[in-house]
Amino acid sequence: MNKCRHSRREFLGLTGGGMAGLASASLLGGTTPLAEAQSSDAEPLRADLVVFNAKVYTVDSRMPKAEAFAVKGGRFFYLGSAAQAKAFIGGGTQTFDAKQMTIVPGFIDCHNHAGGNTLLYEVLVGNPYEVEFVTIASIIDKLRSKAQKTPTSFWIDGYFFDDTKVKDNRQLNVHDLDRVSEEHPVAVHHRGGHTSYYNSKALELAGINKDTPNRMGGTYDHDENGELNGRVTDRARDVFNDVGKRETFTVEQKEQRDRDGLAYISKQFVRYGLTSVHHEGGDLFALQQVRARGELLHRVSFESSGDILEAMINNGISSGFGDEWIRLGATSEHTADGSFSERTMALSQPYAGTHPPYSGNLTETQEDLNSWAERVQRAGIQPNCHANGDVAIDMVLTAYERAQQAAPRPDVRHKITHCTLINDDLLRRIKALGAVPAPFTTYAYYNSDKFHFYGEERMKRSMAYRSFFDAGIRVAAGSDFSPGPFAPLMGIQGMVTRTGWNGETWGANQRISVDEALLVNTINGAYNSHEEGIKGSITPGKLADFVVLADDPHTVNQEKIKDIEIVRTVTGGSTVYEK
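Caption draft 1: Just the overall build of the protein, in detail. Regarding its fold elements, the protein presents 19 helices and 24 strands. On C-alpha atoms alone, the protein measures out to a radius of gyration of 24 Å, which is about the 25 Å that the 2.2 N^0.38 rule sets for 579 residues. Dimensions of the protein, computed from C-alpha atoms along their principal axes, come out at roughly 85 × 55 × 50 Å. By the burial criterion, 59% of the 579 residues in the protein qualify as buried. Residue pairs in contact within the protein that sit at least 24 positions apart in sequence constitute 73% of those at least 6 positions apart. Each charge class in the protein can be summarised by its mean position, and for the 62 positive and 73 negative side chains these summaries are 4 Å apart.

Here you go:
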């Protein structure tokens, strides 16, 4: 198969649909107009690529399985038997004998913080991709090494910390970070994105002491003696933004870092089989440049906030503007509460064992949420809110229901990122609204060590894929990287088994089948961004995005699904990753 070499196109050009008009649903095998072209006097149709001898799971109910397909112009145009597919082989046709390997549609991640800069340029104190335990000493050593090369008073930051992946079996604290430096402000950021740990210098610069009251939507945590322990949650971290010194970059340097970060993470996405990713904001200009250089290997639904969202609203640009490579999608997540993995999401009942009772952080008022949702909906932009706890999901649904009543639009597909802890009434409202949840995917495996903070009764209603399916809700996959690894096969294993890396099983009632997990990670992801007509399944007329797997997730030991090797990732008929 050809390696990916994108031609330069205008970012906001027309969607490439050459084969869409040629191919149709009738091409799902058997005698087709295209097959007939082979025997006519006209020039025979030659495929760009023919794949055969495969176990193809199409995620298309009209032909769930096939043994071969053909691709032309970046789209599937034939699906069915190997004999018929080979009839489209001609001069210049690439062929691939899959040797009975499994092929599925390209995986789609509907929630990803995809900058890539942190992976390339910052101090990583944890493993971004896999379960790995570290020591507090290793964290201190890495940060101290950075401090020794950094001028006094400049920030020293560490990323991808996971508080339950520490060999010391205790929390990181202010005293640990004071060992890094007493002259530099030091911060370690939890990979969940809602808590950070600070040293004494950082707390001093921010004017935080043990008597400082908590802020709306955040906390300054204390140890058993009432002293600050260095942990700060959610919006309480805002006070650190404008203190101390940080490295600065020229415009050219910043653009280069953004380009390099995006190109790097695109390589990582396709290595794990992702062909489409919903980006939570980022540098849109850099993204276009990476594409122009031929280094964008995955498709992007760009979810905007801030200046870009304001520009869309003010200039009448709605969701869906763009093409099949870069498309303006929903808004970036509008945060209503805290984090599941960091135990700050807003619950209707307090967290067990908290004194005084703590029910998590709401980071938005209902009034502000209502106003934001209505304004976005009136602009024809798909609203997207981060809501983990049942309290926050209720608030978001209230805002969405009110917006739909005030500014009715058909088929909005209001997006609920995470949508973690549900109940029967929330399910009913989600279904009635036609909202599209994108719960955590890899957490059931990666974060099972945190489930005991919630208990089995809550976990029976968390990341509730079974409940969503049973209610007829089009639930999609959202890794939330960096908070969770973005490996789709790790996510599928967790959905199917609900068993974590530590062997613990939580909320087994929420298990789904392998076929259902494939739906979540493919066609439902396309539906989440109104793109099910062009991708998400191996169907004639759709974009030729697919993944070749060394083993079949339907038949392999379910505890080994995450270890299945990605042999090839193909976007638009071009190989973008090959083992």
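Caption draft 2: Molecular detail of the sheet that holds strand β17 (residues 326–331). Sheet architecture is open: four strands sit in the order β8-β15-β16-β17, paired in parallel fashion. Looking at strand neighbours, the two that pair on one side only are β8 (107–112) and β17, the edges of this open sheet. Across this sheet, the average inter-strand angle for adjacent strands is 20°, counted without regard to direction. Running at roughly 150° to β17, helix α9 (residues 284–292) makes contact with β15 (274–280), β16 (299–304) and β17 of the sheet.

Caption draft 3: Geometry of the packing of helix α8 (residues 251–271) against α9. Across the interface, α8 lies against α9 with an axial gap of 9 Å and an inter-helix angle of 60°. Classified by the interaxial angle, the pair formed by α8 and α9 is oblique. Seen from above, α8 lies across α9 with right-handed handedness. Residue-level inspection shows E255, D258, R259, L262 and A263 of α8 in contact with α9, the latter providing F285, A286, L287, Q289 and V290.

Caption draft 4: Geometry of the environment of V166. Take V166: it is sitting in the loop between β10 (156–161) and α6 (174–178). For V166, a relative accessible area of 6% corresponds to the buried category. Expressed as a C-alpha distance, the spacing of V166 and E132, which sit 34 residues apart in the sequence, is 8.6 Å.

Caption draft 5: Focus on the side chain of S462. Relative to the elements of secondary structure, S462 occurs in the loop between α15 (456–459) and α16 (465–470). If near-sequence neighbours (up to four positions away) are discounted, S462 is found in contact with T420, L421, R498 and Q510.

Caption draft 6: Summary view of unusual backbone geometry. Note that the residue after H355, namely P356, is joined by a cis bond; omega there is -5°. Here F481 and S482 are connected by a cis peptide whose omega angle stands at 20°. Tracing the backbone shows S482 in the loop between α16 and α17 (488–497). Within the chain, K99 stands out as a residue other than glycine whose phi angle is a positive 50°. Looking at the element boundaries, K99 is found in the loop between β6 (94–97) and β7 (102–105).

Caption draft 7: The arrangement of α8 in detail. Taking 1.5 Å per residue as the helical rise, α8 with its 21 residues ought to reach 30 Å, and the 31 Å between its terminal C-alpha atoms agrees with that figure. Listed as buried for α8 are R257, D258, R259, G261, L262, A263, I265, S266, Q268, F269 and V270. Looking at the packing, one finds that the buried side of α8 touches β8, α4 (117–121), β15, α9, β23 (566–571) and β24 (574–578). Positive backbone phi, approximately 95°, marks G273, located one or two places after α8.

Caption draft 8: The arrangement of the sheet that holds strand β19 (residues 384–387) in detail. Spatially, β18-β19-β20-β21 is the arrangement adopted by the four strands of the open sheet, whose pairing is parallel. Where the open sheet ends on each side, the last strands, each with one partner, are β18 (334–335) and β21 (436–438). Inspection of the sheet shows strand β20 (residues 415–418) paired to β21 by three bridges, in the parallel sense. Paired with I416 across the two strands is P437, which belongs to β21. Across the sheet, helix α12 (residues 390–406) is in contact with β19 and β20; its angle to β19 comes to roughly 160°.

Caption draft 9: Molecular detail of the packing of α17 against helix α18 (residues 514–521). Relative orientation of the contacting elements α17 and α18 amounts to 135°, with a least axis distance of 9 Å. Here α17 is positioned oblique relative to α18, judged by the angle of their axes. The handedness of the crossing between α17 and α18 is right-handed. Taking contact as the criterion, the partners of P488, I492, M495 and V496 in α17 are, on α18, V514, A517, L518, V520 and N521. Counted by class, the contact of α17 with α18 contains eight nonpolar, one polar and no charged residues.

Caption draft 10: The environment of W372, seen in detail. Checked against the element boundaries, W372 lands in helix α11 (residues 366–378). With relative accessibility at 16%, the residue W372 sits in the buried group. Counting along the chain gives 98 residues from W372 to L274, while the straight-line C-alpha distance between them is 31 Å. Residues within four places of W372 in sequence aside, it is in contact with L309, T331, H334, P383, N384 and C385.

Caption draft 11: Structural view of α17. Taken across its 10 residues, α17 has 10 buried, putting it largely inside the fold. Among all positions of α17, only P488, L489, M490, G491, I492, Q493, G494, M495, V496 and T497 are buried. Within two residues after α17, R498 carries a phi angle of roughly 55°, on the positive side.

Caption draft 12: Geometry of the environment of R46. With respect to the helices, strands and loops of the structure, R46 is situated in the loop between α2 (33–37) and β1 (49–52). Expressed as a C-alpha distance, the spacing of R46 and T250, which sit 204 residues apart in the sequence, is 50 Å. Polar side-chain contacts of R46 include one of 3.3 Å to the backbone oxygen of I89.

Basis of the calculations
Residues numbered from 1 in each chain as written. Predicted model: local features only at pLDDT ≥ 70, side-chain atom pairs only at ≥ 80, totals over all residues. Heavy atoms only, no water. Helix = DSSP H or I, 4+ residues; strand = E, 2+ residues; numbered from the N terminus. Rg over C-alpha atoms; globule rule 2.2 N^0.38 Å. Buried < 20%, exposed > 50% of the residue type's maximum accessible area, 1.4 Å probe, protein only. Contact = heavy atoms within 4.5 Å. Lys, Arg positive; Asp, Glu negative; His and termini not counted. Charge placed at Lys NZ, Arg CZ, Asp CG, Glu CD. Pairing = 2+ DSSP bridges. Axes fitted to C-alpha atoms, helices over the stretch in contact; angles between N-to-C directions. Parallel < 35°, antiparallel > 145°, perpendicular 65-115°, else oblique. Left-handed = near helix turned anticlockwise from the far one by under 90°. Expected span 1.5 Å × (residues − 1). Nonpolar A, V, L, I, M, F, W, Y, C, P; charged D, E, K, R; others polar. Polar contact = N/O pair within 3.5 Å; in protein donor to acceptor, adjacent residues only side chain to side chain.

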